[in-house]
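So you can see what is in the structure, the chains are spelled out below.
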Amino acid sequence: DIVEECREAVDWLAREGVNHGVPARRLVVAGHSAGGHLTAMMFATHWKARGSSADPIAGGVSISGVFDLVPLVDVSFNSDLRLDAQSARELSPVRVDPLVHAPLLLAAGADETAEFIRQSRGLWERWPRCRPAGSDGPLVVPGKHHFSVLTEFANPQSELFATTVDMFGSR
């Protein structure tokens, strides 16, 4: 349901954003952790089939995202997620093809658990056409953990900040 709500939000911004000061042709979607997953799912959306004349997304930033949900089917907190094998596959960006042709910056903190870095590397390998120009892998930010990595998103001297800002001019 949350993936669909995000799609509806992007649809609305693409359609109505210009009336509210949002440059609809330059949407850059971003998220952290579960939001990083949602960001990737926006890249796995067929926007023209939803009524958009073109892909509304100019770029994306996924920080510490989870892209393979299949292993979560067997964890205790799946009682909240309510994933079964099929929905986990369908909602796993690493198991579907990207449909948006725009750069997707994948980032994680170097001090996070290895799983977050592995998930980012897995999607980077699986989605080569979404790699930002000059990218040789996900951005792994030294000295940052799952939460402190977000400080780089607001630091004008950081690579994460600069790459994100550059995406607004990519279309």
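Structural data are supplied above this passage.
Owing to the predicted nature of the structure, the values given are computational and were not obtained by experimental measurement.

Okay, the layout of surface pockets next. For the largest pocket, the calculated volume is near 640 Å³. Surrounding the largest pocket, 19 residues form its lining, Ile2, His37, Leu69, Leu81 and Leu83 being those nearest its centre. When contributions to the lining of the largest pocket are tallied by element, the ones reaching two or more residues are α1 (2–16), α2 (34–43) and α3 (78–81). Among the elements that take part in the lining of the largest pocket, α1 stands out by supplying 4 residues, more than any other. Tallied by class, residues from the lining of the largest pocket come to 11 nonpolar, 3 polar and 5 charged. The space that makes up the second largest pocket amounts to roughly 260 Å³. Sorting elements by how many residues they give to the lining of the second largest pocket places helix α7 (residues 159–167) first, with 4 residues. Across the lining of the second largest pocket, the residue classes break down as 7 nonpolar, 5 polar and 3 charged.

Attention now moves to empty space enclosed by the protein. A complete count under the given rule lists 1 cavity of 30 Å³ or more for this structure. In this structure, the largest cavity encloses a volume near 40 Å³. Elements with a minimum of two residues in the lining of the largest cavity: β3 (104–109) and α5 (114–126).

Turning our attention to the packing of aromatic side chains. Throughout the structure, instances matching the rule amount to 0 aromatic pairs. Of note, arginine 131 hangs over the ring of tryptophan 124, and the distance from its end group to the ring centre comes to 3.5 Å.

The next subject is the nonpolar core. Residues Val10, Met42, Phe43, Ile57, Leu104, Leu123 and Trp127 are the most contacted members of the largest nonpolar core, which totals 22 residues. Looking at which element gives the most residues to this core, the answer is α2, with 5 residues. If we skip the residues at most four places from it in the chain, leucine 104 touches Thr39, Phe43, Gly60, Val61, Ser62, Leu123, Trp127, Cys130 and Pro132. The next biggest cluster of nonpolar side chains, apart from the first, holds 10 residues, and it includes Leu105, Leu139, Val141 and Val149.

Let us now look at the packing of α1 against α2. Remark: α1 packs on α2, axes separated minimally by 10 Å, with the N-to-C direction vectors making an angle of 60°. The orientation of α1 relative to α2 falls into the category oblique. Once α1 is placed against α2, the crossing between them reads as right-handed. Taking contact as the criterion, the partners of Ile2, Val3, Cys6, Arg7 and Val10 in α1 are, on α2, His37, Leu38, Met41 and Met42. When grouped by side-chain class, the residues that make up the contact of α1 with α2 number 7 nonpolar, 1 polar and 1 charged.

Conventions adopted
- Residues numbered from 1 in each chain as written.
- Predicted model: local features only at pLDDT ≥ 70, side-chain atom pairs only at ≥ 80, totals over all residues.
- Heavy atoms only, no water.
- 1 Å grid on protein atoms, 1.4 Å probe; cavity = no way out; pocket = protein on both sides within 12 Å on 5 of 7 lines; lining within 4 Å.
- Points joined across faces, edges and corners; volume = space filled by probe spheres on them.
- Helix = DSSP H or I, 4+ residues; strand = E, 2+ residues; numbered from the N terminus.
- Nonpolar A, V, L, I, M, F, W, Y, C, P; charged D, E, K, R; others polar.
- Phe/Tyr/Trp six-rings, centres within 6.5 Å; stacked < 30°, edge-to-face > 60°.
- Lys NZ or Arg CZ within 6 Å of the ring centre and 35° of its normal.
- Core = buried A, V, L, I, M, F, W, Y, C linked by side-chain atoms within 4.5 Å.
- Buried < 20%, exposed > 50% of the residue type's maximum accessible area, 1.4 Å probe, protein only.
- Contact = heavy atoms within 4.5 Å.
- Axes fitted to C-alpha atoms, helices over the stretch in contact; angles between N-to-C directions.
- Parallel < 35°, antiparallel > 145°, perpendicular 65-115°, else oblique.
- Left-handed = near helix turned anticlockwise from the far one by under 90°.

Such coordinate-based values are descriptive only and should not be taken to indicate function.
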